[in-house]
Amino acid sequence: MTSGQSVPERRAQPTDGCDTETSRSQAETEKTISQLFEAVFEANKPITLTRNNHLNWLIRFLVQGFPQRYMSQDASQPWLLYFLLQSFQGLGIAFDPDTKKKAVKTILARQHPGGGFGGGPGQYPHLLATYPSVCALAIVGSPGPDGGWDQIDRQKMYKFFMSLKQPDGSFLVSRNGEVDVRGTYCLLAVATLLDLITPELVAGTYDFLRSCQTYEGGFSAASQPYFSPSTPPELLAEPRPYLGEAHGGYTSCAVTSLMLLRPVVTASTSPSLAPFPGIDASNLLRWAVMMQGNAFEEGGGFRGRTNKLVDGCYSWWVGGLFPLIEELLGETTGESLHDEPGDATADAEEEEWADTDDSLFDKEALQRYTLIAAQQGTGGLRDKPTAPADAYHTLYNLAGLSSAQHRVFLSKKRTEELRNIWVESEGFLPTKEPILEPGEVERPSSAAVEGRSASASAISESDEQRRNRRRETYATALAWLEDEGASHYVGGEGNRVNATHPLFNLTMTSTRAIMAYFYKQV
């Protein structure tokens, strides 16, 4: 269904009368966005996604390389490639065999001999480099000698993951690195795609994530664990204060991680986990809704934190959260809202949004923000009109636009279908022998590491439990569907981008292909 060009209501933003740098930045941003919106609506021209400009911009970066200003992101090379590849996918562009081959070669050159992927050739492995590397391989890779998928060393990657695990269920982002829920998400997303999830890997992780929810409802980067004075020390359930304020990126990673853990947690508790225990889903919903700016002065974009400016990347980090929040609340029907794809009311009603909209956020406003405020005329998308376009904001603006155009939902019917057609297979089994870094004779150990290893090794599951866990992980990850009859496109269907999987920020097709291969369902 397409929507007409309705003018959003203007509402002056309240102020506290205290002039600060923050308030001046807010006023400047509102003025810039308002002027753009006024020009568009006064001209009464269609709002369009300048698809060809964005494609040319992406092709230039892919073929010619990134300009000098990206030198500071040398340790983020897998991210830069993933940003480009997934942006092309969102815009509906396929890749020729030569481009795929070059991309696969580039990614595999960053695989570390000790497991996982680094930010560049020869760089140490990092969770935040491993996720975009595997996602990029999901897009351009395939089975076979040069396909990239069979060249992923899953045994070493699993050992790398386990080496980062902390006693409180969290993970370091790298060896001697910090704890961060973004790293937890990157690990769980990769482990889910590659069939690496085990009870020992995720022991305590749910409780760690739960402890990161703040009083606002969103999630912070980490929490502070406390241990008993006994020998060996035991993790205390309380106190476990969160560290930092609620943030859109952290919240997205934490909530998505909770959804990825659902098959493992339910296997050890009950068949139904909605709402999730210990998660204040209603407060989370309140916080997420309040992150959306008003429809005119802020263009309907999302901010990442309270009292911050709107930013195009949060179109995904917060705007993409809502299908997951519906699951957390346990209020989704799990079915399509329409009998047939494209089931829209005919005639003039097709040109406007429905009188009643059950969406949890203003999807029309977010689409306008992307199309009016976030697009750069020469190609690429940006944070806001005062910032230049870049690869990061191009992808996450497009992903946010997708979340505003499409309704994606976890289909109960499709979940049951996937359970019924599941083919039993052995799947991944971690080896017990330690895998050392190049040049290492013996892995350094400490009391904490020894205690963690003993605790992990005590976790076991029967063959039947393992089969059920793998089947549920596969089924619940691939049962997310696009409700095609519920799609709405501001400016017309020519502005459509592909639906995005809410757990991985990949297309549904890429997600299905790589998971079917590693779970041996092909």
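Summarised in this report is the structure supplied together with it.

Cut-off values and rules
Residues numbered from 1 in each chain as written. Predicted model: local features only at pLDDT ≥ 70, side-chain atom pairs only at ≥ 80, totals over all residues. Heavy atoms only, no water. Salt bridge = Lys/Arg side-chain N within 4 Å of Asp/Glu carboxyl O. Buried < 20%, exposed > 50% of the residue type's maximum accessible area, 1.4 Å probe, protein only. Axes fitted to C-alpha atoms, helices over the stretch in contact; angles between N-to-C directions. Helix = DSSP H or I, 4+ residues; strand = E, 2+ residues; numbered from the N terminus. Parallel < 35°, antiparallel > 145°, perpendicular 65-115°, else oblique. Left-handed = near helix turned anticlockwise from the far one by under 90°. Contact = heavy atoms within 4.5 Å. Nonpolar A, V, L, I, M, F, W, Y, C, P; charged D, E, K, R; others polar. Phe/Tyr/Trp six-rings, centres within 6.5 Å; stacked < 30°, edge-to-face > 60°.

1. Topic: the pattern of salt bridges
1) Next: By the definition in use, this model includes 18 salt bridges.
2) Next: Among the salt bridges present, the one from E461 reaches R469, with a minimum N-O distance of 2.6 Å.
3) Next: Accessibility expressed as a relative area gives 24% for E461, which makes it partly exposed.
4) Next: Since its relative accessible area comes to 4%, R469 is described here as buried.

2. Some points on the packing of helix α3 (residues 77–90) against helix α15 (residues 391–405)
1) Next: Closest axis-to-axis distance for the α3/α15 pair is 9 Å, and the angle between their directions is 40°. Compared by their axis directions, α3 and α15 come out oblique. At the point where α3 passes α15, the crossing takes the left-handed sense. Listed contacts from α15 to W79, Y82, F83, L84, Q86 and S87 of α3 are A391, Y392, T394, L395, Y396 and L398.
2) Next: Split by residue class, the contact of α3 with α15 holds 9 nonpolar, 3 polar and no charged.

3. Some remarks on the packing of aromatic side chains
1) Next: Enumeration over the complete set of coordinates arrives at 27 aromatic pairs.
2) Next: Among the aromatic residues, those joined into a cluster by ring pairs are W79, Y82, F83, Y131, Y185, W317, Y392 and Y396.

4. Things to note about the packing of helix α16 (residues 412–420) against helix α18 (residues 463–478)
1) Next: Orientation of α16 relative to α18, taken along the N-to-C sense of each, is 140°, at an axis distance of 8 Å. The two elements α16 and α18 cross, and the hand of that crossing is right-handed. Where α16 abuts α18, its residues R414, T415, L418 and R419 lie against R471, E472, Y474, A475, T476 and L478.
2) Next: Here the residues of the contact of α16 with α18 sort into 4 nonpolar, 2 polar and 4 charged.

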